[in-house]
Each structure stands twice: as C-alpha cells, then as structure tokens.
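Summary of structural features
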Amino acid sequence: MTAAPAGATKPAVWFLDTSALVSLAVDFPLQQAVQATLSSQRRVLVAAVVAELHELAKTADRTAAWAGTALGQLHWLGEPVRVDEPAGVELAAEIQEQIAAGRPLKHPLEHFGEAAIVSLACRAKTLRPLLLSDDYDARVAAKNRGVEPLSVHKLIHLMIKQDKITASEAFGFADALNKAGRAQDYTQAELASGRLGRVGQP
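Since the model is a prediction, treat every value here as computed from it, not as a measurement.

So, the overall build of the chain
A tally of helices and strands in the chain yields 10 helices and four strands. Relative to its length of 202 residues, the chain is compact, with a C-alpha radius of gyration of 16 Å against a globular reference of 17 Å. Along the first, second and third principal axes, the C-alpha set of the chain runs to 45 × 45 × 30 Å. Across the 202 residues that make up the chain, the buried fraction comes to 50%. If the 21 positive side-chain charges of the chain are averaged to one point and the 22 negative ones to another, these points end up 6 Å apart.

Given below as structure tokens:
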C-alpha cells in the first residue's frame, strides 16, 4: 500500500521516524497492522532513529517505556542505514534546527532522527520517499523538501480506504493512541473520511 497519486511511476520507500515508532509501540495490534500493510513495500530504518529511541528510553519522559518497546519492534525494517558524511549530516543538523524552531532540545538527539530521514529522503533520485511521523513540524520539514509525509492516523485512514482494516479496527487503534495521550479522540466517521485536522496535515 502507498499513498501514491495516479500516474506515479517511482517505487515508494517508507521511512518511519521516532515519533511514529513510539506511537506504534503503544498498541501491539496497531503495530502489527502497520507492519503487515507496509511489509510489501521498501522500507529504510535510519540509524539516527535507533539512536534517538535509545536516548529517549533513558529519560524520565512518559514515552521512555514505549521507546524501549519500539526498540524491540524494529526487525521488519531492516538493518539501520547511516546518514552520509559530511553532506548528509550537515543537512540533517540544519533540518533538526528547523524542526526545533528555537525550542531547547530535551536531549542532543531530539528531532535528529526525523531530520536524518529527511536529509536522506529528499535526495532520493529513483524512489518516491514517504515519511511516517507523528511530529507535525517534521512533516512540514519533509513536505518542504519534497518528501511525502503522513501521520499514523493518516496512514490508518488510508488503510481503511484500501480495505486493509475495518473502520471498527481503526477506531480501536485511534482509541488506544488517545488513551495513551498520543492524539486526540477521533470517531469512526472521521477516520474513514480522513477529516483529521492538523493530524492529517500537511
């Protein structure tokens, strides 16, 4: 499954960032559904995302346990790929600053995972990169550099449209994310229609 527009010819490649992997770790059935949906597509796991998950798992943040769970769910994404030096790392650092938007970083690697993804993905020549991210600013940064961004909820909506899951299953996934404090509450109708507000943008 992809979010490919009609006439798209380049094969899709999916990048999952730290925020998306943490969201998937909240609910195992959701993680399994997304894994089943994307397993037939190309996927790239960026080493900076793994490093950010390790860093997050050490913190006192409420997401630390989910980050630890996410680290145990990476096998289907393949071996981690490092950003090229120096050009890719320098671009990632620039994108990290843009995503932070002047806010102090909670730790040095905060936002660097998604920044590294955008750094790699925006320079893809033969593939159509897609970023799965629950970080709005990361999605904006990706969109601005030609990378198609989707939130986990937007992917859930597409999974309903393509009959990968039912609206009832989607509601269960969204409810788990809401109860975990990862997103606002959504109805089955909103998930099916894609009327997700900021979570469905850009």
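Side note on helix 7 (residues 136-144)
Within the span of helix 7, buried status applies to A138, R139, A141 and A142. For helix 7, the arc enclosing every buried residue in end-on projection is 160°, short of the 170-degree limit, so these residues lie on one face. Among the residues of helix 7, the N-terminal cap falls to D135, whose side-chain oxygen and the backbone nitrogen of D137 are separated by 3.0 Å. Where helix 7 terminates, the next one or two residues include G146, which has phi positive at roughly 85°.

Description of the nonpolar core
L16 and V46 are the most contacted members of the largest nonpolar core, which has 63 residues in total. Residues in contact with V46, not counting those within four places in the same chain, are F15, V81, V83, A116, I117 and L120.

A look at the sheet that holds strand 2 (residues 42-44)
The strand order across the open sheet formed by four strands is 2-1-3-4, and the pairing between neighbours is parallel. Every interior strand has two partners, whereas the edge strands, strand 2 and strand 4 (148-150), have only one. Each strand of the sheet is rotated relative to its neighbour by a mean of 30°, with strand direction disregarded.

A word on the environment of E114
With respect to the secondary-structure elements, E114 resides in helix 6 (residues 112-121). Residue classification places E114 among the buried residues on the basis of a relative accessible area of 3%. In the structure, E114 is positioned 57 residues away from F171 in sequence and 27 Å away in space, judged by C-alpha atoms. When neighbours within four sequence positions are excluded, E114 is seen to be in contact with D17, T18, E52, I99, D135 and A138.

Focus: the packing of aromatic side chains
Here the structure, examined in full by the defined rule, presents zero aromatic pairs. The ring of Y136 carries the charged tip of R198 above its face, separated from the ring centre by 3.6 Å.

So, the side chain of H157
Structurally, H157 is set in helix 8 (residues 152-161). Setting aside chain neighbours within four positions, we find H157 in contact with L191, A192, S193 and G194.

Here we look at the pairing of strand 1 (residues 12-16)
Of all the five residues making up strand 1, five are buried; the element is thus mostly covered by neighbouring parts of the structure. Here strand 1 shows no split at all, with A12, W14 and L16 on one side and V13 and F15 on the other all buried. Judged from the five bridges that link them, strand 1 and strand 3 (residues 128-132) form a sheet pairing that is parallel. The residue bridging W14 from the neighbouring strand is L130, located in strand 3. Two elements, strand 1 and strand 2, share three bridges in a ladder whose sense is parallel. The residue of strand 2 that forms the bridge with W14 is R43.

Some remarks on the pattern of salt bridges
Taken as a whole, this structure holds six salt bridges when the rule is applied. When the shortest N-O distance is used, the salt bridge between R103 and D137 registers 3.0 Å. On the criterion of sequence distance, the pair formed by R103 in the loop between helix 5 (87-100) and helix 6 and D137 in helix 7 is long-range, its members being 34 residues apart. Residue classification places D137 among the partly exposed residues on the basis of a relative accessible area of 26%.

Quick look at the packing of helix 1 (residues 18-26) against helix 4 (residues 64-71)
Helix-helix packing is described using two parameters, namely the angle between the two axes and the distance between the axes. Where helix 1 meets helix 4, the closest approach of the two axes is 8 Å, and the angle between their N-to-C directions is 95°. In this view, helix 1 runs roughly perpendicular relative to helix 4, as classed from their interaxial angle. Contacts from L21, V22, A25 and V26 in helix 1 reach W66, A67, T69 and A70 in helix 4.

So, how was this worked out
Residues numbered from 1 in each chain as written. Predicted model: local features only at pLDDT ≥ 70, side-chain atom pairs only at ≥ 80, totals over all residues. Heavy atoms only, no water. Helix = DSSP H or I, 4+ residues; strand = E, 2+ residues; numbered from the N terminus. Rg over C-alpha atoms; globule rule 2.2 N^0.38 Å. Buried < 20%, exposed > 50% of the residue type's maximum accessible area, 1.4 Å probe, protein only. Lys, Arg positive; Asp, Glu negative; His and termini not counted. Charge placed at Lys NZ, Arg CZ, Asp CG, Glu CD. Arc of directions from axis to C-beta. Polar contact = N/O pair within 3.5 Å; in protein donor to acceptor, adjacent residues only side chain to side chain. Core = buried A, V, L, I, M, F, W, Y, C linked by side-chain atoms within 4.5 Å. Contact = heavy atoms within 4.5 Å. Pairing = 2+ DSSP bridges. Axes fitted to C-alpha atoms, helices over the stretch in contact; angles between N-to-C directions. Phe/Tyr/Trp six-rings, centres within 6.5 Å; stacked < 30°, edge-to-face > 60°. Lys NZ or Arg CZ within 6 Å of the ring centre and 35° of its normal. Salt bridge = Lys/Arg side-chain N within 4 Å of Asp/Glu carboxyl O. Parallel < 35°, antiparallel > 145°, perpendicular 65-115°, else oblique.

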